[in-house]
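Take a look at the letters that make up each chain.
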Amino acid sequence: MNRFDPLLSHAATVKDRHILDLFAADPSRAESFSAEAGPFLFDYSKTNIDADGMALLLDLAAQTGVAARRDAMFSGEKINETEGRAVLHTAWRSVEDSILVDGANVMPALRDTRARMQEFAAAVREGRYNGQGGTITDVVNIGIGGSDLGPAMASLACAAFADGPKLHFVSNVDGAHIHDTLAGLDPETTLVVVASKTFTTIETMTNAESARRWMAEVVTEPAKQFAAISSATDRTATFGIPAERVFGFEDWVGGRYSVWSPIGLSLMIGIGPELFDQFLSGAAAMDAHFRTAPFAHNLPVLLALVGLWHNQVLGHATRAVLPYEQRLARLPAYLQQLEMESNGKRVAMDGSDLPYHSGPVVWGEPGTNGQHAFYQLIHQGTRVVPCEFIVTANGLEPDLDHQHLLLMANCLAQSEALLRGRSLAEATEIMRAKGLEGAELDRQARHRVFPGNRPSTTLMFDQLTPATLGGLIALYEHRVFVEGVVLGINSFDQWGVELGKELALALAPVLEGTSDGAGKDGSTLQLAARIRALRG
């Protein structure tokens, strides 16, 4: 039996109902279908979920063992079963004194590493650690995946609080990325942070070598201006980075969950250890809410259940994340990795094929930019795209508050437009007022019809600060966790990224002309031959 069958049966009876009818039937619907945690208000009333549907969703969360799995994660059990690992990114923001993995308390070593990070970050910011030409002015973080997306997204989000060296991020092995990032920087006052747990990630290490060559053209000892986020101390030593500038973390922290760990070092340098602590505290507060709030009022659980309703029950294959906050411009990309790498799976924990779809396609852009791009499809396209609006009530620029007010008005207007739409009768009256009549009136009116009845949620909080950013990220981490448990999959491995990397290593000799590519398909061989010809 498909675990979603009761929900599918219920959805079949309500799929043609207009969301506005739910508001008409229940004047208190907005309040009933909202929940709060600290500074966050989550409003999911503009969806087609009714009381019976939510009851079924909550039953599903209970029946699939979300609570037990959640407790197992926080206690250090090895819930990443395919890799035999605990899942303890939450430990890096925990206030607990003891969390055991294999019977050993991991917290003392973790806090020692954080203390070393804080001392190094302070030394860089205060000029006690300098480049060979003076005070560090720029920090270049070299990583990929979670080692890049997390700190890059968070540093932009915290830009209003950044008072340290300027932060830069390099991820792509395309030489243009490292070239364009280093152009204009001073090698004598630049710190390079290489983020690779194993210190073998090919994209990261290739860029690290290029950065070292760039620095060696000017400074005599380039390794003195490198730090490493890695647990492979033998490899970092070979690279020339001394142990005091190497910050490691355990394999129970996955890359896409690692911004709280030493992967966040560049962010800590940019905003300072004190504000970084507030970032951690905001996440810890969301952890506490997730662990203690009843499911009916639990923001991560509700966010997950709404997502499951839209994807697995109603069949909407994508979701748009739409932050009305420019500094959250990289959040959709960050959540894209978090969701799609975690829950983009095809088999259940026991290895059997899933009898339903797994995670959705996640995408988006900040408002109001998206309104002038893809909102056309969201409003009038033939596919329904559930939208997740994120908005802050207050900006960080008091003298530009009138612009923030306009930003908020646009956010609320878009969700209202998705809900209400515009009928043919309304569109006809608008065009009749412009003097049209007959067949042309009907033709033009039809182009201006908005179907409406399109679902959205809104997550609102006071202001984008390091603390609220921490809570926001933790909220979505736990949302992904709940969805994964309900789906019965492992959200913490990522075997899907491995095959392409293996094949890339095998293809390099083909492109170089030192291998004939035996066993490769005709298309790949043709493309490789064309590359060799174009390169001479």
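Below or above, wherever it landed, is the structure these notes cover. Quick caveat: nothing in here was measured; it's all calculated off a predicted structure.

1. What to know about the overall build of the chain
Point 1. Helix and strand counts for the chain come out as 21 helices and 15 strands.
Point 2. In terms of C-alpha radius of gyration, the chain reaches 25 Å, essentially the compact-globule figure of 24 Å for 536 residues.
Point 3. Overall, the chain is about 80 × 60 × 60 Å in size when its C-alpha atoms are taken along their principal axes.
Point 4. With 536 residues in all, the chain has 51% of them scored as buried.
Point 5. Averaging the locations of the 44 positively and 63 negatively charged side chains of the chain gives two centres separated by 4 Å.

2. Observations regarding the pattern of salt bridges
Point 1. The tally for this structure, following the rule as stated, stands at 30 salt bridges.
Point 2. Salt-bridge contacts for Asp-16 lead to Lys-15; the nearest nitrogen and oxygen are separated by 3.4 Å. Per residue, the accessibility class of Asp-16 equals that of Lys-15, and both read exposed.
Point 3. Across the pair Arg-256 and Glu-341 runs a salt bridge, and its minimum N-O distance is 2.9 Å. On the criterion of sequence distance, the pair formed by Arg-256 in the loop between strand 11 (246–247) and helix 11 (265–271) and Glu-341 in helix 14 (residues 331–343) is long-range, its members being 85 residues apart.
Point 4. On the accessibility criterion, Arg-256 (3% relative accessible area) is buried.
Point 5. Look at the salt bridges and you will find they share partners, linking Arg-319, Glu-339, Glu-388, Arg-479 and Glu-483 into a network.

3. Observations concerning helix 6 (residues 107–126)
Point 1. Between its terminal C-alpha atoms helix 6 stretches 28 Å, which fits the 28 Å expected from 20 residues at 1.5 Å a residue.
Point 2. All buried positions along helix 6 are accounted for by Met-107, Leu-110, Thr-113, Arg-114, Met-117, Phe-120, Ala-121, Ala-122, Ala-123 and Val-124.

4. Some thoughts on the packing of aromatic side chains
Point 1. This structure, assessed with the given rule, holds 17 aromatic pairs.
Point 2. With a centroid separation of 5.6 Å and 25° between ring planes, the pair formed by Phe-42 and Tyr-44 is classed as stacked. When sorted by exposure, Phe-42 lands in the same class as Tyr-44, which is buried.
Point 3. A ring pair is formed by Phe-120 and Phe-247, whose centres lie 5.8 Å apart and whose planes are at 40°; its orientation type is tilted. Within this pair, whereas Phe-120 is found in helix 6, its partner Phe-247 is found in strand 11, the two being separated by 127 residues in sequence.
Point 4. For Phe-120, a relative accessible area of 7% gives the class buried.
Point 5. In this structure Phe-247 comes out as buried when scored by relative accessible area, which is 0%.
Point 6. A network of ring pairs unites the aromatic residues Phe-74, Tyr-257, Phe-290, Phe-481 and Phe-492 as a single cluster.
Point 7. The ring of Phe-33 carries Arg-29 above its face, with NZ or CZ at 4.1 Å from the centroid.
Point 8. We note Arg-212 situated over the ring of Phe-239; from NZ or CZ to the ring centre the distance is 3.8 Å.

5. Points about the sheet that holds strand 9 (residues 190–195)
Point 1. Here five strands make up an open sheet; going across it, the order is 8-7-9-10-11 and the pairing parallel. What marks the edges here is a single partner per strand, and that holds for strand 8 (166–170) and strand 11.
Point 2. Of the pairings in the sheet, the one linking strand 7 (residues 138–142) to strand 9 comprises five bridges and is parallel in character. Looking at the pairing, Val-140 lines up with Val-192 of strand 9.
Point 3. Here helix 9 (residues 202–216) sits on the sheet in contact with strand 7, strand 8, strand 9 and strand 10 (226–229), set at roughly 160° to strand 9.

6. Concerning the packing of helix 4 (residues 51–63) against helix 13 (residues 299–313)
Point 1. Close contact between helix 4 and helix 13 brings their axes to 10 Å; oriented N to C, the two are set at 110°. Put simply, helix 4 runs roughly perpendicular to helix 13. Seen along the crossing, helix 4 lies across helix 13 with a hand that is right-handed. For the pair helix 4 and helix 13, the contacting residues are Met-54, Leu-57, Leu-58 and Ala-61 in the first and Leu-302, Leu-305 and Trp-309 in the second.

Rules used in this analysis
All residue numbers refer to positions counted from 1 along the written sequence of the respective chain. It should be noted that, the model being predicted, local features are given only for residues of pLDDT at least 70 and side-chain atom pairs only at 80 or more, the latter also being counted only at that level, while totals for whole chains, interfaces and linings use all residues. Only hydrogens and water are set aside; all other atoms, that is, all heavy atoms of the structure, feed into the side-chain values. Counting from the N terminus, the helices are the DSSP runs of H or I reaching at least four residues and the strands are the DSSP runs of E reaching at least two. Here the radius of gyration uses the C-alpha set of atoms, whereas the globule reference equals 2.2 Å times the residue count to the power 0.38. Buried means the residue's accessible area, taken with a 1.4 Å probe over protein chains only, is under 20% of the maximum for its type, while exposed means over 50%, and partly exposed covers the values in between. Only four residue types enter the tally: Lys and Arg on the positive side, Asp and Glu on the negative side, with His and both chain ends excluded. Charged groups are reduced to one reference atom each: NZ for lysine, CZ for arginine, CG for aspartic acid, CD for glutamic acid. Take a side-chain nitrogen of Lys or Arg and a carboxyl oxygen of Asp or Glu: if they are within 4 Å of each other, that pair is a salt bridge. Here the expected length of a helix is defined as 1.5 Å per residue gap, with one fewer gap than residues. The criterion for an aromatic pair is that two Phe, Tyr or Trp rings (for Trp, the six-membered ring) have centres within 6.5 Å, with stacked assigned to planes under 30 degrees apart, edge-to-face to planes over 60 apart and tilted to the rest. Whether a charge sits over a ring comes down to the Lys NZ or Arg CZ being within 6 Å of the ring centre and within 35 degrees of the ring normal. Whether two strands pair depends on DSSP finding at least two bridges between them. Should any heavy atoms of two residues lie within 4.5 Å, those residues are considered in contact. Angular values range over 0 to 180 degrees, each being the angle between N-to-C directions of two axes fitted as lines to C-alpha atoms, with helices fitted over their stretch in contact. For this classification, under 35 degrees means roughly parallel, over 145 means roughly antiparallel, 65 to 115 means roughly perpendicular, and everything else is oblique. Rotating anticlockwise by less than a right angle from the far helix to the near helix defines a left-handed crossing, while the corresponding clockwise rotation defines a right-handed one.

Function cannot be inferred from these measures alone, as they are strictly geometric.
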